[in-house]
2 protein chains.
Amino acid sequence: MKNRLKVLRAERNWSQAELAARLEVSRQSVNAIETGKYDPSLPLAFRIADLFGLAIEEIFLRD
Amino acid sequence: MKNRLKVLRAERNWSQAELAARLEVSRQSVNAIETGKYDPSLPLAFRIADLFGLAIEEIFLRD
DNA sequence: GCGAAATGTCAAGATACATTGACATAATAT
DNA sequence: ATATTATGTCAATGTATCTTGACATTTCGC
């Protein structure tokens, strides 16, 4: 499961800490998801999709 | 996080056991997700969406 | 180059997700 | 009515997700 988080974040000039704050998760969680250590839970994936105004399928890709 | 699993399964006349087999998870997992005990992981949500040929957003709804 | 901000990573702990095995009850079929 | 199938649920266990706190390294502005 790959994701486009880093790119989406860069497009908005958000730091990992800023994204984490907007998602109400820890900075370490954002980093872990971005660096592929694990996938977000489904509810968090929805919050991410909502924040960027995209469908989950447009952010998370089957590997 | 609500979901339409039970309906989609009924449309196909699949038992929980049959759906579990197609998803390669346990019957208890399907039951737990259907009865709202917990949400599936993101990878499992993708497998479910793929199986039914729908977008994740068409199966799982923000509550 | 120096200091600040950003990123990567580790450890320890909590809660969520998924498993097997078992059992009770409900629904269906013969 | 009895047997089979389907569903709901429990306990115990293991892995995944997420947390706080800490520290090292990289990147950026000045």
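Please refer to the structure placed before this passage.
This report concerns the structure included in the present document. (Residues numbered from 1 in each chain as written. Chains lettered and ligands numbered in written order. Predicted model: local features only at pLDDT ≥ 70, side-chain atom pairs only at ≥ 80, totals over all residues. Heavy atoms only, no water.)

**Observations regarding the environment of B:Pro43**
Put simply, the rule reads: Think of it this way: any DSSP run of H or I at least four residues long counts as a helix, any run of E at least two long counts as a strand, and we number them from the N terminus. Here, two residues are considered to be in contact whenever any of their heavy atoms come within 4.5 Å of each other.
Along the chain, B:Pro43 turns up in helix 4 (residues 42-52). Spatially, the C-alpha atom of B:Pro43 lies 22 Å from that of B:Arg12, the residues being 31 residues apart in sequence. If sequence neighbours within four positions are ignored, B:Pro43 has contacts with A:Met1 and A:Asp39.

**A look at the packing of aromatic side chains**
Residues and elements named next belong to chain B. Selection criterion: Whether two aromatic rings pair depends on their centres lying within 6.5 Å, for rings of Phe, Tyr and Trp, where Trp uses its six-membered ring; planes under 30 degrees apart make the pair stacked, over 60 edge-to-face, and the rest tilted. Buried, partly exposed and exposed residues are distinguished by accessible area as a fraction of the type maximum, computed with a 1.4 Å probe on protein chains only: under 20%, between the cut-offs, and over 50%, respectively. Comment: the charge-over-ring label is applied if NZ (Lys) or CZ (Arg) is within 6 Å of the ring centre and within 35 degrees of the ring normal.
Tallied over the entire structure, the rule returns two aromatic pairs over all chains. Aromatic pair Trp14 and Phe52: ring centres 5.8 Å apart, planes at 35°, arrangement tilted. Here Trp14, found in the loop between helix 1 (5-11) and helix 2 (16-23), pairs with Phe52, found in helix 4; they are 38 residues apart in sequence, far enough to count as distant. Assigned by exposure class, Trp14 and Phe52 land together as buried. Directly above the aromatic system of Trp14 lies the positively charged group of Arg12, at a separation of 5.9 Å from the ring centroid.

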